[in-house]
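Listed here are the chains, written in short residue letters.
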Amino acid sequence: MIEINNRVLTLINECEKTCKNEFEEISRIEFENQLKVLNAFNKNRIQAFHFIGSSGYGHNDIGKEKISDVFKDIFHTESAFVSPLISCGTEAISHTLLGILRPNDTMLCISGTPYDTLKNIIFGVEGKDVGSLKDYGIKYEEIDLVNNDFDIPSIEKAIKKYSPKMVYIQRSRGYSLRNALSIAQIERAIKAVKKLTNAYIVVDNCYGEFTETLEPTDVGADLVVGSLLKNMGGGIAPTGGYLAGKEELIEQIIYKMMSPALGADNGSYEPGYKAFFEGVFVSPHVVAEAKKVVVLASACLNKLGYETIPKLGDNLSDIVSCIKFNDKNKLIDFTRAIQYASAIDSDSVLEAGEMDGYDDLIIMASGSFNQGSSIELSCDGPMREPYAGFLQGSLSYAHGKIGLMNAISAIIDK
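Cut-offs applied
- Residues numbered from 1 in each chain as written.
- Predicted model: local features only at pLDDT ≥ 70, side-chain atom pairs only at ≥ 80, totals over all residues.
- Heavy atoms only, no water.
- Helix = DSSP H or I, 4+ residues; strand = E, 2+ residues; numbered from the N terminus.
- Expected span 1.5 Å × (residues − 1).
- Polar contact = N/O pair within 3.5 Å; in protein donor to acceptor, adjacent residues only side chain to side chain.
- Axes fitted to C-alpha atoms, helices over the stretch in contact; angles between N-to-C directions.
- Parallel < 35°, antiparallel > 145°, perpendicular 65-115°, else oblique.
- Left-handed = near helix turned anticlockwise from the far one by under 90°.
- Contact = heavy atoms within 4.5 Å.
- Nonpolar A, V, L, I, M, F, W, Y, C, P; charged D, E, K, R; others polar.
- Salt bridge = Lys/Arg side-chain N within 4 Å of Asp/Glu carboxyl O.
- Buried < 20%, exposed > 50% of the residue type's maximum accessible area, 1.4 Å probe, protein only.
- Phe/Tyr/Trp six-rings, centres within 6.5 Å; stacked < 30°, edge-to-face > 60°.
- Lys NZ or Arg CZ within 6 Å of the ring centre and 35° of its normal.
- Pairing = 2+ DSSP bridges.

(A) Summary view of helix α10 (residues 328-340). For α10, which comprises 13 residues, the first-to-last C-alpha distance of 19 Å matches the rise-based estimate of 18 Å (1.5 Å per residue) to within 8%. Here α10 starts with a cap whose side-chain oxygen sits 2.8 Å from the backbone nitrogen of N329, and that cap is D327.

(B) Representation of the packing of helix α3 (residues 62-75) against helix α9 (residues 274-303) within the structure. Put simply, α3 and α9 touch, their axes get as near as 10 Å, and they point 15 degrees apart. What the angle tells us is that α3 and α9 run roughly parallel. The handedness of the crossing between α3 and α9 comes out as left-handed. Residue-level contacts link G63, K66, I67, V70, F71 and I74 of α3 to F276, F277 and V280 of α9. Residue composition of the contact of α3 with α9, grouped by class: 7 nonpolar, 1 polar and 1 charged.

(C) Up close: the packing of α10 against helix α11 (residues 397-411). Where α10 meets α11, the closest approach of the two axes is 8 Å, and the angle between their N-to-C directions is 145 degrees. The chirality of how α10 crosses α11 is right-handed. Contacts between α10 and α11 involve K330, D333, F334, A337, I338 and Y340 from the first element and G403, L404, N406, A407, I408, A410 and I411 from the second. In terms of residue class, the contact of α10 with α11 is made up of 9 nonpolar, 2 polar and 2 charged.

(D) Representation of the pattern of salt bridges in the model. One pass over the full model with this rule turns up 22 salt bridges. Between R384 and D116 there is a salt bridge, with its nearest N and O atoms 3.9 Å apart. One end of the pair, R384, is in the loop between β11 (378-382) and β12 (388-392); the other, D116, is in the loop between β2 (106-109) and α5 (119-123), and 268 residues separate them in sequence. The class of D116 is buried, set by a relative accessible area of 8%. Note that R188 and D149 form a salt bridge whose closest N and O atoms lie 3.6 Å from each other.

(E) Quick look at the packing of aromatic side chains. Counting across every chain of the model gives 15 aromatic pairs. Seen in terms of ring centroids, Y273 and F276 are 6.2 Å apart; in terms of plane orientation they differ by 55 degrees. Their pairing is tilted. Just as Y273 is buried, F276 falls in that class too. Taken together, the aromatic side chains of F41, F51, F277 and F281 make up a single cluster linked through ring pairs. One residue, K292, lies across the ring of F23, its end atom 6.0 Å from the ring centre.

(F) Spatial organisation of the sheet that holds strand β9 (residues 320-324). Spatially, the 5 strands line up as an open sheet ordered β8-β9-β12-β11-β10, and their pairing is antiparallel. Only two strands of the sheet have a single neighbouring strand rather than two, namely β8 (307-309) and β10 (362-365). Across the sheet, the mean angle from the axis of one strand to that of its neighbour is 20 degrees, orientation sign disregarded. Across 3 bridges, the pairing between β11 and β12 is antiparallel. Among the inter-strand pairings, S378 is bridged to a residue of β12, identified as Q392. Contacts between α9 and the sheet are confined to β8, β9 and β12, with β9 contributing the most and set at about 15 degrees to the helix. Lying over the sheet, α10 contacts β9, β10, β11 and β12, oriented at roughly 30 degrees with respect to β10.

Treat this as a map of the structure, not an account of what it does.
Set out below in structure tokens:
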């Protein structure tokens, strides 16, 4: 049973009062995004029969076509492709990179080193041919952020030097100790890039969808990529990923995923698409609830003396709160307490362990209805200094608040 610590309850109640303005802004953004999603449903005249799945080759799968059309109109793009066959964001990004880039092409990442799980996709595995960019003779360059913003002069020099085919941006932080990149920052970078090159601009949009009223495709990105186990699935979609952007790029990626002979016409999903339609419909609200948890976590943990990214008052462009514990045991205790406050697997005792795609041991709390769903309340972190935990998601503010109270109780006075 979860017992409420009165001292922590007092702290939470005090901090909620300081979050009033931030909560009101989150609600405003939620309203605009909910209207956008509803209009996408209405424009495409979604009916109950669109929920029905298909088998075999999946030809004439109207549900697959319609859910993709809804995403196309949400992101205001030429085309979109939504597929339950994509297991996670890393897989969606892998298909994207290997679908667009060819031998001797250059990929230029302008947001620093990408998330840990992309390293094998880009650099390969020592002594193995795994089909990485390096294995295919595709070149990779990167430009670090400066003060959590794009280094425009260095980007301009790199574009002139390398003539990249793709300019890549990771919107969220991964395990980097920085804020997510805002739409305003992304827009400035895209404008600078487009003055110098026709390179495709691709944005890893994971954790960022619906956190602001605009998406990267609204400010010039050629393609956004993401996971339905995060924001766009609303905690309801059981799996899946999406692409939205220029039609020619999505066609190339689908050829890589399926076959150049078949394209998007192939691929079935017999369980049907109701969960995907419902998931994206509720996602503006679920994202808003998760953002409120981030704000509250920042207020409470700052008051207790911990450094958080973001701080209270910062712009929120993802659903993640990074907490620097500077103490291995506090990271473990906090994460275990989040697990205990989960609806599923609450009795699991977490230990740091090896995970595919990561160099460090990882401790991860994820008592989720959909395995690995990080739009649901979760917390994880690499076992390395400064022993930072990454708190994210929550299907409801109330659950996130309870989880946060339990986690603070586990570290207070330690």
